[in-house]
Amino acid sequence: MPLVFAAITPHPPILIPDIGKDNIKKIQVTREALEKMEEDLYVAKPDTILIISPHGRILPDAFSINTNPTYTVDLREFGDLTTQTQYQSDMTMIARISNEAKLKEIPLALYTDQALDYGSAVPLHYLTKHLPKVKIIPLSYSLLEPKQHLNFGYLLKEEIMSTNHRVAVIASGDLSHALTSDAPAGFSPEGKKFDETLMENLKSHNTSALLNLEPQICESAAECGRRSFLILLGILQRVNYNLKILSYEGPLGVGYLVAEFALE
């Protein structure tokens, strides 16, 4: 099967040693889970990683893909001037996705940017250490209705399943940013509720419940991952899998989930 790996990751910049320094210890559980995931991804031997990020070019009415031929990790905004990893784009697969989106009338914008956003860069820093030749497709969700994210994911699935490449899909996204009083969004009781509900829905394969979460709960929880996850779940439609939660923690007031979808 061309789809060889699927996972959810967080993307806190402090996971990068030159940024986090001693603060990495505060999310050591997350770091160790990503190191375990790196081992599993290496075994899957993907040719291409499609990574869905909340921090690329987010458009109100279209999904987007960065089509630059090469990408360079740029984390200067976080004070890191040394991490300069480079990646190659899978231009062939991007062209196929773009053509199919036009045929299916799914809005998709293509743009070019040499710099890779941190929502993609942080997970890839951990997951590609032993995959120097892997190509990537940096994709961003939109502000369209949740159901359209599921539909776009299904389009991506059709393109993945028709290729002879080995493809991994990583949905980058943090859960609530409102778990504690010192969280980035301040405290909201909806934060913990959102995280628990989302993980339960994922474990029980209840995509419909995740799709129909009340907008007020999502807004109060100040989450940034749900739309990434919906695209991934669209890709996983009619694919048998078991969810393996490698870790979940929120010591900094943000919910960090690391999970793999064991494909059958």
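Residues numbered from 1 in each chain as written. Predicted model: local features only at pLDDT ≥ 70, side-chain atom pairs only at ≥ 80, totals over all residues. Heavy atoms only, no water.

**Structural notes on the overall build of the chain**
- Each helix and strand in the chain was counted, giving 9 helices and 11 strands.
- Since a compact globule built from 264 residues should have a radius of gyration of about 18 Å, the 17 Å found for the chain is in line with a globular shape.
- Its C-alpha atoms give the chain principal-axis dimensions of about 45 × 40 × 35 Å.
- With 264 residues in all, the chain has 56% of them scored as buried.
- Taking contacts inside the chain between residues at least 6 apart in sequence as the whole, the part at least 24 apart equals 79%.
- Within the structure as shown, the chain displays about 11,300 Å² of accessible surface, and the carbon and sulfur contribution to it stands at 50%.
- For the chain, the distance from the average site of its 24 positive side-chain charges to the average site of its 32 negative ones is 4 Å. (Helix = DSSP H or I, 4+ residues; strand = E, 2+ residues; numbered from the N terminus. Rg over C-alpha atoms; globule rule 2.2 N^0.38 Å. Buried < 20%, exposed > 50% of the residue type's maximum accessible area, 1.4 Å probe, protein only. Contact = heavy atoms within 4.5 Å. Areas by Shrake-Rupley, 256 points an atom, 1.4 Å probe, with all protein chains shown as cover. Lys, Arg positive; Asp, Glu negative; His and termini not counted. Charge placed at Lys NZ, Arg CZ, Asp CG, Glu CD.)

**Some remarks on unusual backbone geometry**
- Non-glycine residue His-205 carries a positive phi angle of around 60 degrees.
- Backbone geometry at Ala-222 places phi at a positive 55 degrees, although glycine is not the residue there.
- Mapped onto the elements of the fold, Ala-222 is located in the loop between helix H8 (215–221) and helix H9 (226–235).
- For Ala-222, a relative accessible area of 22% corresponds to the partly exposed category.

**A closer look at helix H4 (residues 118–127)**
- In terms of residue burial, H4 counts as a mostly covered element, since 9 of its 10 residues are buried.
- Residues of H4 that are buried include every one of Tyr-118, Gly-119, Ser-120, Ala-121, Val-122, Pro-123, Leu-124, Tyr-126 and Leu-127, and no others.
- The backbone nitrogen of Gly-119 has a side-chain oxygen 2.9 Å away, supplied by the residue at the start of H4, namely Asp-117. (Polar contact = N/O pair within 3.5 Å; in protein donor to acceptor, adjacent residues only side chain to side chain.)

**Comments concerning the pattern of salt bridges**
- According to the stated counting rule, one finds 8 salt bridges in the structure shown.
- A salt bridge links Asp-74 to Arg-76, with the shortest nitrogen-to-oxygen separation between them at 2.7 Å.
- Overall, the relative accessible area of 22% leaves Asp-74 in the partly exposed class.
- Accessibility expressed as a relative area gives 55% for Arg-76, which makes it exposed.
- Glu-196 is paired through a salt bridge with Lys-192; the nearest N and O atoms lie 3.9 Å apart. (Salt bridge = Lys/Arg side-chain N within 4 Å of Asp/Glu carboxyl O.)

**Examining the packing of aromatic side chains**
- For the coordinates displayed, the defined rule picks out 3 aromatic pairs.
- When the ring centre of Tyr-42 is taken as origin, the NZ or CZ atom of Lys-45, which lies over that ring, is 4.2 Å away. (Phe/Tyr/Trp six-rings, centres within 6.5 Å; stacked < 30°, edge-to-face > 60°. Lys NZ or Arg CZ within 6 Å of the ring centre and 35° of its normal.)

**Regarding the side chain of Ser-247**
- Take Ser-247: it is sitting in strand E10 (residues 241–249).
- Those residues within four positions of Ser-247 in sequence are excluded, and the remaining contacts are Val-29, Thr-30, Ala-33, Tyr-256, Leu-257 and Val-258.

**Details of the pairing of strand E4 (residues 70–73)**
- Examined bridge by bridge, E4 and strand E5 (residues 86–89) share 3 bridges and lie antiparallel to one another. Each bridged residue has a counterpart across the sheet, and for Thr-72 the counterpart in E5 is Gln-86.
- Here E4 runs beside strand E7 (residues 115–116); their pairing, made up of 2 bridges, is parallel. Bridge pairing in E7 links Val-73 to Leu-116. (Pairing = 2+ DSSP bridges.)

**Some thoughts on the environment of Leu-50**
- Mapped onto the secondary structure, Leu-50 falls in strand E2 (residues 48–53).
- For Leu-50, a relative accessible area of 0% corresponds to the buried category.

**Structural notes on the state of the cysteines**
- Tallied over the full model, the rule gives 0 disulfides.
- Left unpaired, Cys-218 is separated from the closest cysteine sulfur, that of Cys-224, by 12 Å.
- Residue class for Cys-224 comes out buried when judged on its relative accessible area of 11%. (Disulfide = S-S within 2.5 Å.)

**Here we look at helix H6 (residues 189–203)**
- Taking 1.5 Å per residue as the helical rise, H6 with its 15 residues ought to reach 21 Å, and the 22 Å between its terminal C-alpha atoms agrees with that figure.
- Listed in full, the buried residues belonging to H6 are Glu-190, Gly-191, Phe-194, Asp-195, Leu-198, Met-199, Asn-201 and Leu-202. Seen from one end, H6 has its buried residues packed into an arc of 160 degrees, which puts them on one side. Along H6, the residues that are exposed and aim more than 90 degrees away from the buried face are Pro-189 and Lys-192.
- Those residues of H6 hidden inside the fold are in contact with strand E1 (3–9), helix H7 (207–211), H8, H9, E10 and strand E11 (256–263). (Expected span 1.5 Å × (residues − 1). Arc of directions from axis to C-beta.)

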